[in-house]
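What follows is the residue order along each chain.
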Amino acid sequence: MSKDFRLGGDLVINRLGFGAMRLPSQQGMGGPARDPETGRAVLRRAVELGVNHIDTADFYASAGGAVRANTLIREALHPYPAGLVLATKVGPIVRPDGFSHGTPADMRGLVEANLERLRVDRLDLVYLRIGFMEPPLGESLAGRFEALAALREEGLIRHLGLSNVDAAHLAEARAIAPVAAVQNEFHANRRGDADLLAACEEAQIAFVPFHPVGGGGEFEDARLGKVAARHGVSVHQIGLAWMLASSPVALAIPGTGSLAHLEDNMAVAGIDLTDEDLADLS
């Protein structure tokens, strides 16, 4: 199976990328700040190890916004190496009392905030994220996606994606503009979106799950443990290898703020699951 994917038909990226959510804080969004120099070191090392697809968002920040993923990415990597693809997402708006969701009129400001903090003239991939942790069934995304499609026509966005959606949302969006990627929660212990993955594979749309190894939650599984023991690697590494083996359009974006953990994640590129492994993981 190819280790690369042609995102949107024109951006060739390594299917094993990097997620930036945990760079500002160990707890993800809104937690105590991590050392920013460590975050910058992790980003530089990720690129050295072959990462050319970084998934981020302007709302990925520690408590009070003291450390921000997009700022760390700019400080560590700008001017960006040729071929590096930066994917971001818009929709949620951070307010003092928590998150709310932006309206179509908010989309320009959210996109411009990413452009400014990352210091780019055009964003490679912008996901419209709807809902929180589950797709909001029956909720239309048309107005917001149309606003992003207009920004794409202006040249501020190269490709559009969707996050936290169902098949109906995908169909609704594709009637408005091309969709290059879908990002939902999906991993070896959470396979409820298998039909959505199949739809993405048929249309050659990237499927880029968040929480590819459970998002820091419990990830032990007898199937994963059996295959991990066979290869002499961790359960999390087998979870990532399974993700990449699940479909040629599946991408993995494991995130970390640790150099050692980064090295473990990137070592997954060298794990080749056998037919026996895949049967045990089915």
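Residues numbered from 1 in each chain as written. Predicted model: local features only at pLDDT ≥ 70, side-chain atom pairs only at ≥ 80, totals over all residues. Heavy atoms only, no water.

(A) Structural context of the pattern of salt bridges. Counting across every chain of the model gives 18 salt bridges. The shortest N-O distance in the salt bridge between Arg 230 and Glu 276 comes to 3.4 Å. Of this pair, Arg 230 sits in helix H7 (residues 222–231) while Glu 276 sits in helix H10 (residues 275–281), placing them 46 residues apart in sequence. A residue is classified by how much of its surface remains accessible, and Arg 230, at 34% relative accessible area, is partly exposed. One salt bridge in this structure joins Asp 277 and Arg 230, with 2.5 Å as the shortest N-O distance. Within this pair, whereas Asp 277 is found in helix H10, its partner Arg 230 is found in helix H7, the two being separated by 47 residues in sequence. What emerges from the salt-bridge pattern is a single network uniting Lys 226, Arg 230, Glu 276, Asp 277 and Asp 280. (Salt bridge = Lys/Arg side-chain N within 4 Å of Asp/Glu carboxyl O. Helix = DSSP H or I, 4+ residues; strand = E, 2+ residues; numbered from the N terminus. Buried < 20%, exposed > 50% of the residue type's maximum accessible area, 1.4 Å probe, protein only.)

(B) The pairing of strand E2 (residues 11–14), seen in detail. Every second residue of E2 is oriented toward a common face, the buried set being Leu 11 and Ile 13 and the non-buried set Val 12 and Asn 14. In the sheet, strand E1 (residues 4–7) pairs with E2 via four bridges, with the strands oriented antiparallel. Looking at E2, one finds that Asp 4 is bridged to Asn 14. Between E1 and E2, which follow one another and run antiparallel, lie three residues, and Gly 8 among them has a positive phi close to 65°. (Pairing = 2+ DSSP bridges.)

(C) Fine view of the environment of Gly 257. Position of Gly 257 among the secondary structure elements: in the loop between helix H8 (235–246) and helix H9 (259–266). Once the C-alpha coordinates of Gly 257 and Met 21 are considered, the two residues, 236 residues apart in sequence, prove to be 8.8 Å apart.

(D) Region of the structure containing unusual backbone geometry. His 78 connects to Pro 79 through a cis peptide bond whose omega is 0°. Tracing the chain through its elements places Pro 79 in the loop between helix H2 (69–77) and strand E5 (85–90).

(E) Structural detail: the nonpolar core. Formed by 88 residues in total, the largest nonpolar core has its most connected members in Leu 7, Ile 54 and Leu 148. Sort the elements by how many residues they give to this core and H8 lands first, with seven residues. Filtering out sequence-adjacent residues up to four positions away, Leu 7 remains in contact with Ile 13, Val 85, Leu 125, His 159, Ala 180, Ala 181 and Ala 206. (Core = buried A, V, L, I, M, F, W, Y, C linked by side-chain atoms within 4.5 Å. Contact = heavy atoms within 4.5 Å.)

(F) Representation of the sheet that holds strand E3 (residues 18–19) in the model. Judged by pairing direction, the sheet is parallel, and its seven strands sit side by side in the order E3-E4-E5-E8-E9-E10-E11 without closing on themselves. The open sheet has two edge strands, E3 and strand E11 (206–207), and neither has a second partner. Pairing between E5 and strand E8 (residues 123–129): four bridges, direction parallel. Within the sheet, the bridge partner assigned to Val 90 lies in E8 and is Leu 128. Here helix H3 (residues 107–118) sits on the sheet in contact with E5, E8 and strand E9 (157–163), set at roughly 145° to E5. (Axes fitted to C-alpha atoms, helices over the stretch in contact; angles between N-to-C directions.)

(G) Local environment of helix H4 (residues 142–154). When the terminal C-alpha atoms of H4 are compared, their 18 Å separation across 13 residues agrees well with the 18 Å that a helix rising 1.5 Å per residue should span. For H4, every residue scored as buried is listed here: Ala 142, Arg 144, Phe 145, Ala 147, Leu 148, Ala 149 and Leu 151. For H4, the elements touching its buried residues are E5, H3, E8, E9 and helix H5 (167–174). Once H4 ends, the next one or two residues include Gly 155, with phi positive near 95°. (Expected span 1.5 Å × (residues − 1).)

(H) Quick peek at H8. Here H8 is 12 residues long and its end C-alpha atoms lie 16 Å apart, about the 16 Å a rise of 1.5 Å per residue gives. Among the 12 residues of H8, nine are classified as buried, and the element is accordingly described as predominantly covered.

(I) The arrangement of the packing of helix H1 (residues 36–48) against H9 in detail. In contact at an axis separation of 10 Å, H1 and H9 are set at 25° when each is read in the N-to-C sense. Regarding the angle of H1 to H9, the classification is roughly parallel. The hand of the H1/H9 crossing is right-handed. Residue-level inspection shows Ala 41, Val 42, Arg 45 and Ala 46 of H1 in contact with H9, the latter providing Leu 259, Leu 262 and Glu 263. (Parallel < 35°, antiparallel > 145°, perpendicular 65-115°, else oblique. Left-handed = near helix turned anticlockwise from the far one by under 90°.)

(J) Structural context of the pairing of E5. Along E5, six of the six residues are buried, which leaves the element largely enclosed by surrounding structure. Looking at chain direction, strand E4 (residues 53–55) and E5 are connected through three bridges and run parallel. Bridge pairing in E5 places His 53 opposite Val 85. In the classification by handedness, the crossover that spans E4, the intervening H2 and the parallel E5 is right-handed. (Right-handed = clockwise from strand over helix to strand, strands pointing away.)

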